[in-house]
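Next come the chains, spelled out residue by residue.
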Amino acid sequence: MLCFLYPDLKYLTFATTAGCFLCIGGEILRKLAMITAKENFTHVIRTTRVEGHTLVTHGVFKICRHPSYAGWFWWSIGTQVLLFNPICLIGYLLAGWNFFCHRITYEEAKLYSFFGQDYNRYKQRVPWSGIPLVTGFKTCE
């Protein structure tokens, strides 16, 4: 509605620059995560450990525990910043955050069951999930 009334808002240099940065940075982060994880990357969360499944802790996985999810999250936010779409930006933030909060918690519970203390140590070394305020699975230890 604001852009309909004030079309020059679509040409804000800061918003365009920030949106491009988030889109490109998010896409690069996601692709690097897929390349780094190699055969350990799947689009479906594994519920059982398969032979050869290893805990990936190098490359972009040293920056955040879920770089593929973080990349998608930041890319999606960037699209709405780039388009100067404040209503969808809020919707994308809430929907993306809610989705990844649940997915990361579930996936980390599985990773903990597969790798035990190795995963716990990795989580201590890399405390950031890649998405603000998403802490992931918590053990009772």
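This text goes with the structure placed above it.
Criteria and cut-off values
- Residues numbered from 1 in each chain as written.
- Predicted model: local features only at pLDDT ≥ 70, side-chain atom pairs only at ≥ 80, totals over all residues.
- Heavy atoms only, no water.
- Helix = DSSP H or I, 4+ residues; strand = E, 2+ residues; numbered from the N terminus.
- Buried < 20%, exposed > 50% of the residue type's maximum accessible area, 1.4 Å probe, protein only.
- Contact = heavy atoms within 4.5 Å.
- Axes fitted to C-alpha atoms, helices over the stretch in contact; angles between N-to-C directions.
- Parallel < 35°, antiparallel > 145°, perpendicular 65-115°, else oblique.
- Left-handed = near helix turned anticlockwise from the far one by under 90°.
- Nonpolar A, V, L, I, M, F, W, Y, C, P; charged D, E, K, R; others polar.
- Salt bridge = Lys/Arg side-chain N within 4 Å of Asp/Glu carboxyl O.
- Expected span 1.5 Å × (residues − 1).

> Got a minute to help me understand the side chain of K123 in this structure?
With respect to the helices and strands, K123 occurs in helix α5 (residues 117-125). Look at K123 and you get buried, because its relative accessible area is 15%. With residues near it in sequence (within four places) discarded, K123 still touches R65, E108, T135, G136, F137 and K138.

> Any chance you could explain the packing of helix α2 (residues 13-37) against helix α3 (residues 67-82) here in plain terms?
When two helices pack together, their arrangement is captured by the angle between the axes and the distance separating the axes. Running from N to C, α2 and α3 point in directions that differ by 160°, and their axes come no closer than 7 Å. The orientation of α2 relative to α3 falls into the category roughly antiparallel. Relative to α3, the crossing made by α2 is left-handed. Looking at the contact of α2 with α3, its residues break down into 16 nonpolar, seven polar and two charged.

> How should I be thinking about the environment of C88 in this particular structure?
By secondary structure assignment, the location of C88 is in helix α4 (residues 86-115). Once the C-alpha coordinates of C88 and I77 are considered, the two residues, eleven residues apart in sequence, prove to be 9.0 Å apart.

> Where do I start with the pattern of salt bridges in this structure?
For side chains bearing opposite charge, pairing can occur when the charged atoms are close. Summed over all chains, the structure comprises four salt bridges. Of the charged contacts, one joins K31 and E27 as a salt bridge, the two residues approaching to 2.8 Å between their closest N and O atoms. Within this pair, K31 and its partner E27 are both found in helix α2, separated by four residues, close to a single helical turn. The salt bridge partner of K123 is E108, with a shortest N-O separation of 3.2 Å. Of this pair, K123 sits in helix α5 while E108 sits in helix α4, and the two are 15 residues apart along the sequence. The network of salt bridges with common partners includes R65, E108 and K123.

> How do you make sense of α2 when you look at a structure like this?
At 3.6 residues per turn, the α-helix brings residues three or four places apart onto the same side. Along its 25 residues, α2 runs 36 Å from first to last C-alpha, staying within 8% of the 36 Å computed at 1.5 Å per residue. Those residues of α2 that fall on the buried side of the exposure criterion are A15, G19, L22, C23, G26, L29, R30, A33, T36 and A37. Elements in contact with the buried residues of α2: α3.

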